[in-house]
Protein chains: 6
Amino acid sequence: MKISARNSLPGTVKHIQKGATTAHVTIDVNGLTVTASITNESVEELGLREGSKVKAVIKSSDVMIAVD
Amino acid sequence: MKISARNSLPGTVKHIQKGATTAHVTIDVNGLTVTASITNESVEELGLREGSKVKAVIKSSDVMIAVD
Amino acid sequence: MKISARNSLPGTVKHIQKGATTAHVTIDVNGLTVTASITNESVEELGLREGSKVKAVIKSSDVMIAVD
Amino acid sequence: MKISARNSLPGTVKHIQKGATTAHVTIDVNGLTVTASITNESVEELGLREGSKVKAVIKSSDVMIAVD
Amino acid sequence: MKISARNSLPGTVKHIQKGATTAHVTIDVNGLTVTASITNESVEELGLREGSKVKAVIKSSDVMIAVD
Amino acid sequence: MKISARNSLPGTVKHIQKGATTAHVTIDVNGLTVTASITNESVEELGLREGSKVKAVIKSSDVMIAVD
């Protein structure tokens with residue numbers, strides 16, 4: 001499956017913290033930590049574990065740019 | 001300024017492509033290419049050029065996870 | 001590829017209208033019209049044409065609910 | 001009230017699952033299931049029940065397109 | 001129509017700048033300027049003009065918080 | 001730090017309601033109430049309390065416009 005989101009960053013799941021309905025998943029992407037908030041169902045359906053190989057998928061319109 | 005968005009990835013601007021109102025900016029983040037769509041005004045106000053040191057700021061709820 | 005976005009609605013591309021950097025794509029989903037704004041590059045890379053079989057992918061946090 | 005979001009899909013609430021602050025609501029839209037994540041307050045204020053007639057409102061910039 | 005988005009801020013359109021497919025609309029909200037990017041079609045369908053009375057509608061998950 | 005998001009509205013934190021992973025923060029912005037949903041970690045890291053001076057940061061593409 002190819003998707004229109006411009007960013008598809010390969011990485012490895014480091015940690016999964018589940019809430020009542022939403023889970024926070026941290027991913028190691030080339031040495032950087034990226035955090036995703038997804039539903040608990042998605043964690044189950046995607047079979048995510050620590051060490052899972054994943055892609056962090058992000059639309060370009062959801063990426064902001066900051067300068068110091 | 002500190003912001004609630006969980007992801008603030010340091011990188012360098014590689015290319016800026018302007019449209020009528022929206023610009024596509026590609027950023028090198030630790031060897032990966034991240035694309036942002038921001039307004040032309042933002043490009044001017046942030047003084048973005050190729051080589052600018054920036055942060056790619058992304059809310060955790062805007063990061064999806066995909067598995068092959 | 002499986003993705004954490006909860007909504008993946010099968011449909012057929014009806015029309016593609018390109019702007020300077022952003023394209024508006026209308027999709028027939030079970031008789032309803034769904035409109036997506038994606039980058040022109042995505043239209044090319046996904047090889048979208050009128051009649052293309054696609055999925056409209058939407059995060060659950062991006063779906064609002066309205067009542068009359 | 002008319003809104004700038006391009007997608008306003010009529011449907012019927014099938015199920016509501018509440019978390020600590022966020023609720024997942026599944027909606028039958030022309031035979032397809034659409035999932036929304038909204039706040040528990042919104043569920044109350046909109047008076048949502050199973051069987052409620054609603055609209056799933058989605059901005060075009062929040063709709064991605066995927067192809068197999 | 002009532003909508004699940006938690007923020008519905010009343011204001012007046014100050015300026016409309018159209019691009020190829022996307023328009024930038026600035027709104028005076030209680031003395032503050034809020035900028036929206038919506039499609040050109042939405043500007044037409046909502047009949048927006050300078051001076052139009054509108055609501056700026058924003059999901060709570062789209063509001064970030066920053067501190068100096 | 002300057003950021004590409006077009007809206008940066010100064011205000012004061014009125015109330016913080018924490019869930020399992022997500023917190024709802026209401027902010028007084030020029031007499032209007034704006035609600036943000038951010039992670040509990042962000043509340044801690046930003047040191048948010050009732051009375052904190054903050055900015056509500058919102059991308060222009062996340063602002064919809066409604067008319068009655």
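Think of each chain on its own: its residues are numbered from 1, step by step along the sequence as written. Ligands are numbered from 1 and chains lettered from A, in the order in which they are written. A pLDDT threshold of at least 70 governs which residues receive local features in this predicted model, and a stricter bar of 80 or more applies before side-chain atom pairs are shown or counted, although totals over entire chains, interfaces and linings include all residues. The basis for the side-chain values is all heavy atoms of the structure; hydrogens and waters are excluded.

A. Spotlight on the environment of Ala-20 of chain B. Along the chain, the position of Ala-20 of chain B falls in the loop between strand 2 (7-18) and strand 3 (22-29). For the pair Ala-20 of chain B and Thr-39 of chain B, spaced 19 residues apart in the sequence, the C-alpha separation amounts to 9.3 Å. If we skip the residues at most four places from it in the chain, Ala-20 of chain B touches Asn-40 of chain B, Ala-20 of chain C together with Gly-19 and Ala-20 of chain E. Strands here mean DSSP runs of E at least two residues long; helices mean DSSP runs of H or I at least four residues long; both are numbered from the N terminus. Only heavy atoms matter for contacts: two residues are in contact if any of them lie within 4.5 Å across the pair.

B. Local environment of the pattern of salt bridges. Definition used for salt bridges: Asp or Glu carboxyl oxygen within 4 Å of a side-chain nitrogen of Lys or Arg. This structure, assessed with the given rule, holds 30 salt bridges over all chains. Residues Lys-59 of chain F and Asp-62 of chain A are paired through a salt bridge, measuring 2.9 Å at the closest nitrogen-oxygen approach. With Lys-59 of chain F in the loop between strand 5 (53-58) and strand 6 (64-67) and Asp-62 of chain A in the loop between strand 5 (53-58) and strand 6 (64-67), this residue pair bridges two chains. As far as burial versus exposure is concerned, Lys-59 of chain F and Asp-62 of chain A are alike and both buried. Where salt bridges share partners, they join Lys-59 and Asp-62 of chain A, Lys-59 and Asp-62 of chain D together with Lys-59 and Asp-62 of chain F into one cluster. Buried residues are those whose accessible area, probed at 1.4 Å on protein chains only, stays under 20% of the maximum for their type, while exposed residues exceed 50% and partly exposed ones sit between those limits.

C. Fine view of the environment of Ile-27 of chain F. On the secondary structure map, Ile-27 of chain F appears in strand 3 (residues 22-29). Taking the C-alpha atoms as reference points, Ile-27 of chain F and Thr-12 of chain F, separated by 15 residues in sequence, lie 5.4 Å from one another. Beyond its immediate chain neighbours, meaning those up to four positions away, Ile-27 of chain F contacts Ile-65 of chain E together with Gly-11, Thr-12, Val-13, Lys-14, Leu-32, Thr-33, Val-34, Val-54 and Ala-56 of chain F.

D. Region of the structure containing the side chain of Thr-21 of chain A. Mapped onto the elements of the fold, Thr-21 of chain A is located in the loop between strand 2 (7-18) and strand 3 (22-29). Polar contacts, as used here, are pairs of N or O atoms within 3.5 Å; protein pairs need one atom able to donate a hydrogen and one able to accept it. Residues neighboring in sequence count only if both atoms are side-chain atoms. Among the polar contacts listed, one links the side chain of Thr-21 of chain A to the side chain of Thr-22 of chain A, at a separation of 3.4 Å. Not counting chain neighbours up to four residues away, the residues in contact with Thr-21 of chain A comprise Ile-38, Thr-39, Asn-40 and Glu-41 of chain A together with Gln-17, Lys-18, Gly-19, Thr-22 and His-24 of chain D.

E. Structural view of the sheet that holds strand 6 (residues 64-67) of chain B. On the basis of which strands lie adjacent, the open sheet formed by six strands has the order 4(A)-3(A)-2(A)-5(A)-6(B)-1(C) and antiparallel pairing. Strands at the two margins of the open sheet, each flanked by one partner only, are strand 4 (32-39) of chain A together with strand 1 (2-3) of chain C. Following DSSP output, two strands are said to pair if at least two bridges run between them.

F. Highlighting the interface of chain A and chain B. Listed per partner, the contact involves 33 residues of chain A and 33 residues of chain B. Interface of chain A and chain B: buried area, both sides summed, is about 3,000 Å²; carbon and sulfur atoms make up 64% of it. Buried area: the accessible surface (1.4 Å probe) lost by two parts on joining, summed over both. Of all residues in chain A, Leu-32, Met-64 and Ile-65 of chain A bury the most surface against chain B, accounting for 21% of the area lost on that side. Here chain A and chain B share two salt bridges between them. With a closest N to O distance of 3.8 Å, Lys-55 of chain A and Asp-68 of chain B form a salt bridge. Here chain A and chain B share nine residue pairs in polar contact (both at pLDDT 80 or more) between them. Those elements that place two or more of their residues in the side of chain A that touches chain B are strand 2, strand 3, strand 4, strand 5 and strand 6 of chain A. In terms of residues, the side of chain A that touches chain B owes the most to one element, strand 4 of chain A, which gives seven residues. Of the residues assigned to the side of chain A that touches chain B, the class counts are 20 nonpolar, eight polar and five charged. Note: strand 6 of chain A against strand 5 (residues 53-58) of chain B, three bridges, orientation antiparallel. Bridged to Ala-66 of chain A within strand 5 of chain B is Lys-55 of chain B. Throughout this entry, Asp, Glu, Lys and Arg are counted as charged residues, while Ala, Val, Leu, Ile, Met, Phe, Trp, Tyr, Cys and Pro are counted as nonpolar. The remaining residues, Gly among them, count as polar.

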